[in-house]
Amino acid sequence: MSTDVSNELYVGESPARSVTRKKAILATVIGSGLEWFDFSGYAFFAAIIGKLFFPAGNETTSLLLALATFGVGFVMRPLGGIAFGIYADKVGRKRALSLAMLVMALGSAIIAFAPTYQSIGIAAPCLIVIARMLQGLSAGGEMGGATAFLTEHAPARRRAFYSSWIQTSVGFAVVIGSITGAVITSSMSPESLTSWGWRIPFVIGMLVAPVGYYIRLKIEETPEFTSEKKHTDTPLRDVIREYPRGVISSLLMVVLWTVCTYVILFYIPTYAVKYLHMAQRDGFISGIVSGAVLMAMAPVFGAIGDRIGKRQVITVAALAILVAAYPLFSHLNKSPTLGTLLTFQVIFGLLIAAYTGPILALFTELFPSRVRTTGLSLAYNGAVTIFGGFASFIITWLAQVTGDAESASYYIIFAAIVSLLGTRLMKPIQK
């Protein structure tokens, strides 16, 4: 059954179908939120992890090593995206998403209980690297699978709104991660925090993952997948041969998304402490604010994209980020107060929500259902690995080498230009 015919199923839908859709949103927000909480928890405590597992005699060097290991997870993401994408296109979206959650929990468990360098020497950082590799495999399969899952459950004219809830789950992860970090750092002595407190988020992620796994297994498979007459046995080969333009254009558009996500949402708390000399509590508070803005506004901009055009919304948002990045960073560095930091995070939170709210639904227009998860996973994880995974490392290195406090804004400007090129290259498939 073609995509347009399957969409007719949503006309005059039954109450049961409406309930299924709401459950799909809930399962995605909770499941993806928990995955992102597990995956990004490392970034919030990178400085402590660097000291405990990568002692180098220099705090900046230790932090760079810890951030490089954070990036190792991203190296694995294309492999995870391909593996889970193929699995999802062959056997179903929900089974792939459920398996990805269990792999993420295993990675979190290893970090939660890993002995430090002082205890077991070189084996300690090796364990952290292995854990990040597992988390990278899992995260690689999450975005493509979750996007296909939600958009294929959505009514045809509301796909941007439905898929925008995936970004809400990212905001949810940032909020709960920042709240957890703020509570831990404010209620513990520096000694306790360094000794064992930093492990708490990973224990939480490990314990709640089975809840997300259960929720996902209880949701029906998508109508498009179940109604597909022939599921391809070679989704990776098919998507590369038949839809290279879709892969390239969506990869380029992901660049700005991933750079903003990992610089603004996940790295700024560390940036505020390391370079602005602010209290760690202030960094976590700023993370809560930016995550809350993204969580609340992504569906709003998704709905706007459904109404006035998805490409138009993300193009305007990308242009706004390009223009605003330098002055926002400059003002923050010249006036490093909590008020300035929160204003910075609110503005960027709105712009990121505007860019990412409609973008996943736009991507689904580039691939048919039979290869959709593989295509989305390949493009998304390729961009995230190249441009997002080492974003924190790159801007830390740039600041160290150049001494320019605004160097992070240059990377964001570069990403905005690349993604604007992607919006011009994209061409929806003919249905």
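Shown above is the structure to which this text applies.
It should be emphasised that the depicted structure is a prediction, and the values quoted were computed from it without experimental measurement.

Description of the overall build of the protein
Helix and strand content of the protein: 21 helices and 0 strands. Put simply, the protein has 431 residues, and 60% of those count as buried. Sequence-distant contacts, at least 24 apart, represent 86% of the contacts inside the protein between residues at least 6 apart. For the protein, the computed accessible surface area is about 15900 Å², with 67% contributed by carbon and sulfur atoms.

With respect to the side chain of Asp238
One can find Asp238 in helix α13 (residues 235-242). The residues touching Asp238, leaving out its near neighbours within four places in the chain, are Thr232, Tyr243, Arg370 and Val371.

Things to note about the side chain of Thr340
By secondary structure assignment, the location of Thr340 is in helix α17 (residues 338-356). One polar contact links the side chain of Thr340 to the main-chain carbonyl oxygen of Ser335, over a distance of 3.0 Å. Within the structure, the side chain of Thr340 is placed 2.9 Å from the side chain of Thr337, a separation counted as a polar contact. Excluding residues within four positions of it along the chain, Thr340 makes contact with His331, Leu332 and Ser335.

Here's the deal with a nonpolar patch on the surface
On the surface, Val300, Ile304 and Ile308 cluster together into a nonpolar patch covering about 230 Å² of accessible area. Mapped onto the elements, Ile308 comes out in helix α15 (residues 280-308).

Quick word on the environment of Ile240
Residue placement: Ile240 occurs in helix α13. C-alpha separation for the pair Ile240 and Val371, spaced 131 residues apart in sequence, amounts to 9.9 Å.

Let's talk about the packing of helix α14 (residues 244-274) against α15
For any two helices packed against each other, one specifies the crossing angle of their axes together with the interaxial distance. For the pair α14 and α15, interaxial distance at closest approach is 8 Å and the crossing angle is 160 degrees. Taken together, the axes of α14 and α15 are roughly antiparallel relative to one another. The handedness of the crossing between α14 and α15 is right-handed. Residues Leu265, Ile268, Pro269, Ala272 and Val273 of α14 lie in contact with α15, whose contacting residues are Gln280, Gly283, Phe284, Ser286, Ser290 and Leu294. Here the contact of α14 with α15 is composed, by residue class, of 7 nonpolar, 4 polar and no charged.

Focus on the nonpolar core
By size, the foremost hydrophobic cluster in this structure holds 84 residues, and its most contacted members are Leu256, Trp257, Phe329, Phe348, Tyr355, Phe363 and Ile412. Top element by residues in this core is α14. It accounts for 17 residues. Counting 21 residues, the second-largest nonpolar core is a separate cluster that includes Leu52, Ile128, Leu193 and Phe202.

A short note on the pattern of salt bridges
Tallied over the full model, the rule gives 5 salt bridges. Taking the shortest distance from any N to any O, the salt bridge between Arg370 and Glu242 comes out at 2.6 Å. Here Arg370 is found in the loop between α18 (359-364) and α19 (372-388), whereas its partner Glu242 is found in helix α13, with 128 residues between them in sequence. Look at Arg370 and you get partly exposed, because its relative accessible area is 21%. The partner of Asp282 in a salt bridge is Arg281, and the shortest N-O contact between them spans 3.9 Å. Judged by its relative accessible area of 12%, Asp282 falls in the buried class. Taking the relative accessible area as the measure of exposure, Arg281 reaches 45% and is therefore partly exposed. Beyond isolated ion pairs, a larger network of salt bridges with shared partners links Arg237, Asp238, Glu242 and Arg370.

Calculation criteria
- Residues numbered from 1 in each chain as written.
- Predicted model: local features only at pLDDT ≥ 70, side-chain atom pairs only at ≥ 80, totals over all residues.
- Heavy atoms only, no water.
- Helix = DSSP H or I, 4+ residues; strand = E, 2+ residues; numbered from the N terminus.
- Buried < 20%, exposed > 50% of the residue type's maximum accessible area, 1.4 Å probe, protein only.
- Contact = heavy atoms within 4.5 Å.
- Areas by Shrake-Rupley, 256 points an atom, 1.4 Å probe, with all protein chains shown as cover.
- Polar contact = N/O pair within 3.5 Å; in protein donor to acceptor, adjacent residues only side chain to side chain.
- Patch = residues over 30% accessible without salt bridge, like charges linked within 9 Å, V, L, I, M, F, W, Y side chains within 5 Å.
- Salt bridge = Lys/Arg side-chain N within 4 Å of Asp/Glu carboxyl O.
- Axes fitted to C-alpha atoms, helices over the stretch in contact; angles between N-to-C directions.
- Parallel < 35°, antiparallel > 145°, perpendicular 65-115°, else oblique.
- Left-handed = near helix turned anticlockwise from the far one by under 90°.
- Nonpolar A, V, L, I, M, F, W, Y, C, P; charged D, E, K, R; others polar.
- Core = buried A, V, L, I, M, F, W, Y, C linked by side-chain atoms within 4.5 Å.

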